[in-house]
Amino acid sequence: MPIATPEVYNEMLDRAKAGKFAYPAINVTSTQTLHAALRGFAEAESDGIVQISTGGAEFLGGQYAKEMVTGSVALAEFAHIVAQKYPVTVALHTDHCPKDKLDGYVRPLLAVSEERVKAGGNPLFQSHMWDGSAETLADNLAIAQELLARAAAAKIILEVEITPTGGEEDGVSHEINDSLYTTVDDAIRTVEALGLGEKGRYLLAASFGNVHGVYKPGNVVLRPELLKELSDGVAAKYGKASPFDFVFHGGSGSTEQEIATALENGVVKMNLDTDTQYAFTRPVADHMFRNYDGVLKVDGEVGSKKTYDPRTWGKLAEASMAARVTEACANLRSTGTKIK
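Residues numbered from 1 in each chain as written. Predicted model: local features only at pLDDT ≥ 70, side-chain atom pairs only at ≥ 80, totals over all residues. Heavy atoms only, no water.

(A) Quick peek at the pattern of salt bridges. Taken as a whole, this structure holds 20 salt bridges when the rule is applied. The salt bridge involving D245 is made with K17; its shortest N-O contact spans 3.3 Å. Pair noted here: D245 is in the loop between α8 (226-238) and β9 (246-248) and K17 is in helix α1 (residues 6-19), with a separation of 228 residues, a long-range link. You can call D245 buried: its relative accessible area is 7%. A salt bridge links R223 to E229; its shortest N-O distance comes to 3.7 Å. Judged by its relative accessible area of 30%, R223 falls in the partly exposed class. Relative accessible area serves as the criterion here: at 38%, E229 is assigned to the partly exposed category. Residues joined by salt bridges that share partners form a network here, namely D14, K17, R201 and D245. (Salt bridge = Lys/Arg side-chain N within 4 Å of Asp/Glu carboxyl O. Helix = DSSP H or I, 4+ residues; strand = E, 2+ residues; numbered from the N terminus. Buried < 20%, exposed > 50% of the residue type's maximum accessible area, 1.4 Å probe, protein only.)

In structure tokens, the structure reads:
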């Protein structure tokens, strides 16, 4: 069961929360980066999450058509086959989807899973993200209510982002300022709209200074202790301890202490993209610089097929990215926690 069933995905999240660890959620853009993520999880003996952003899905759809649903469905179907060879369990997730892309991405993918479940099967993806951080909180939560109902019916978990994450990802950008901190009132309004699980399970991407990308020290002030304030504020009103399954966005470049504090305060999923992109590309650049006269037909020569063969440098890229995924598992305490 390499791709988690809905029941197993819920178990994964419950185990992470109880054990105060989190799953790396690795963005992939190709079959090769998918293999790198799966390999990293396997080498760490950790279950994990593989995710596709709207830009990643468009890239996967090919540059001729650039069709997001085609790209994401194709990779998900591929993952269902190749993941069987890895001794870990993974969940498939779609990353940030803003309002203007819902009809071209998340809603069609929900329809795909609805048909699969109606036929007695499992959903294609185990969770989807709705990024309404650019909308007012009222509009954000109204759309979240509609999506949560559809997701729950299709045995899918919804991820919601209720306040902005700084920086830029796939065309969605926010300034780095005080709006990057979710308030207790924001959290309470979220519960009023989405409930505490009775309307369907959801992951909460609350903001505690998170920024996409990597910035030099001092440019970003993370306050992961804020997550405890949000949990305590909701618990005081509703009587449910640790009410949220938190997601850590903008995790690349975070310190070990910031990650540890986030884990102690309920984070069960941390997104990783920028660091793994660099890990994948760095050995390719090294290979090209070291073998420029082999990968290029310099001065009329024929070059060296063994050096420009994509398999040669592709293996280096996969190994490097897999190592970064394994490192993320260690940082998030998920190493050795795979479901037996």
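Now, onward.
(B) The arrangement of the packing of aromatic side chains in detail. Overall, the coordinates contain three aromatic pairs when judged by the stated rule. Ring geometry for F208 and F248: centres 5.0 Å apart, planes at 70°, overall edge-to-face. With a gap of 40 residues between them, F208 in the loop between β8 (202-205) and α8 and F248 in strand β9 connect regions that are remote in the sequence. Summarising the burial analysis for this pair, F208 and F248 share the class buried. With centroids separated by 5.5 Å and ring planes inclined at 50°, the aromatic side chains of F244 and F246 adopt a geometry described as tilted. On the basis of relative accessibility, which here comes to 0%, the residue F246 falls in the buried class. (Phe/Tyr/Trp six-rings, centres within 6.5 Å; stacked < 30°, edge-to-face > 60°.)

(C) Fine view of empty space enclosed by the protein. All chains considered together, the criterion is met by two cavities of 30 Å³ or more. As for the largest cavity, its lining consists of L34, V50, I52, L75, A76, A79, L92, H93 and F125. Elements that contribute at least two residues to the lining of the largest cavity include exactly β2 (48-52), α4 (68-82) and β3 (90-94). Partitioned by chemical class, the residues of the lining of the largest cavity number eight nonpolar, one polar and no charged. (1 Å grid on protein atoms, 1.4 Å probe; cavity = no way out; pocket = protein on both sides within 12 Å on 5 of 7 lines; lining within 4 Å. Points joined across faces, edges and corners; volume = space filled by probe spheres on them. Nonpolar A, V, L, I, M, F, W, Y, C, P; charged D, E, K, R; others polar.)

(D) The environment of G250, seen in detail. Locating G250 in the fold gives a position in the loop between β9 and α9 (256-264). Residues G250 and N210, spaced 40 residues apart in sequence, show a C-alpha to C-alpha distance of 5.4 Å.

(E) Local environment of helix α5 (residues 106-118). Counted at 1.5 Å a residue, the expected span for α5 with its 13 residues is 18 Å, and the 18 Å between its end C-alpha atoms agrees. Buried within α5 we find V106, L109, L110, S113 and V117. Viewed along the axis of α5, the buried residues span an arc of 105°, placing them on a single side of the element. Contacts made by the buried residues of α5 are with α4, β3, β4 (127-131) and α6 (137-153). (Expected span 1.5 Å × (residues − 1). Arc of directions from axis to C-beta. Contact = heavy atoms within 4.5 Å.)

(F) Representation of the nonpolar core within the structure. In this structure, F41 and V160 are the most contacted members of the largest nonpolar core, which totals 81 residues. In contact with F41, not counting residues within four places along its chain, are P24, I26, S46, D47, G48, I49, V50, V88, V90, V325 and C329. Counting residues in hydrophobic clusters, the runner-up holds 17 residues, among them Y23, I49, A91 and I339. (Core = buried A, V, L, I, M, F, W, Y, C linked by side-chain atoms within 4.5 Å.)

(G) Region of interest: the pairing of β4. Where burial is concerned, most of β4 is hidden: five out of the five residues are buried. Neither face of β4 is exposed, since S127, M129 and D131 on one face and H128 and W130 on the opposite face are all buried. The sheet contact formed by β3 and β4 spans two bridges and is parallel. In the strand pairing of β4, T94 is matched with H128. Regarding the hand of the β-α-β motif, the stretch spanning β3, α5 and β4 is right-handed. Examined bridge by bridge, β4 and strand β5 (residues 157-161) share five bridges and lie parallel to one another. Pairing of H128 across the sheet is with L158, part of β5. (Pairing = 2+ DSSP bridges. Right-handed = clockwise from strand over helix to strand, strands pointing away.)

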